[in-house]
Amino acid sequence: RKITTSEQKNIIGSRIRQLRMARKLTQDELAARLQVNGYNFQAAILRIELGKRLVTDIELKGLCEFFETDPNSLLGYRPDSPKEEALKDPFIRRF
């Protein structure tokens, strides 16, 4: 299925925003702290939070390390939740 520009490109953006705000960081402050190996997160954080940008595996790893969490948590998976709960997520339902 072809992804159009109007579709959400990630499912972790809202969780990244929640975690950032809980630490009382601006997008620029978060980007500055995540800037590793020449990646420019300045414009990326806004687009990630809005779901308009894909997140690479390297970026996901960096976000998990910074927020001291795991990918499953950012993706909305909980090991103790039944499969039916996961299926309520509109992104997961499509697959």
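Rules behind the numbers
- Position numbers for residues count from 1 along each chain, tracking the sequence in the order it is written.
- In view of the model being predicted, local features appear only for residues whose pLDDT reaches at least 70, and side-chain atom pairs are presented and counted only at 80 or more, with totals across whole chains, interfaces and linings using the full set of residues.
- Excluded from the side-chain calculation are hydrogens and water; included are all heavy atoms of the structure.
- The helix and strand labels rest on DSSP assignments: H or I over at least four residues marks a helix, E over at least two residues marks a strand, and numbering proceeds from the N terminus.
- Categorising residues by exposure relies on relative accessible area from a 1.4 Å probe, with only protein chains included: less than 20% of the type maximum marks a residue as buried, more than 50% marks it as exposed, and the intermediate range marks it as partly exposed.
- To form a nonpolar core, buried Ala, Val, Leu, Ile, Met, Phe, Trp, Tyr and Cys residues must be joined to one another through side-chain atoms within 4.5 Å.

Draft legend 1. Fine view of the environment of Arg17. Considering the arrangement of structural elements, one finds Arg17 in helix H1 (residues 13–22). By relative accessible area, Arg17 is classed as partly exposed at 42%. The spacing of Arg17 and Leu46 is 29 residues in sequence and 8.9 Å in space, taken between C-alpha atoms.

Draft legend 2. Summary view of the nonpolar core. Within the largest apolar cluster, 17 residues are counted, with the highest numbers of intra-cluster contacts made by Ile12, Ile16, Leu30, Leu34, Leu63 and Leu74. Elements represented by at least two residues in this core include exactly helix H2 (27–34), helix H3 (44–49) and helix H4 (57–67).

Draft legend 3. Representation of unusual backbone geometry. One non-glycine residue, Lys24, adopts positive backbone phi at about 55°. Examined against the element boundaries, Lys24 turns out to sit in the loop between H1 and H2. Look at Lys24 and you get exposed, because its relative accessible area is 73%. In this model, Glu68 sits at a positive phi of 55°, which is unusual for a non-glycine residue.

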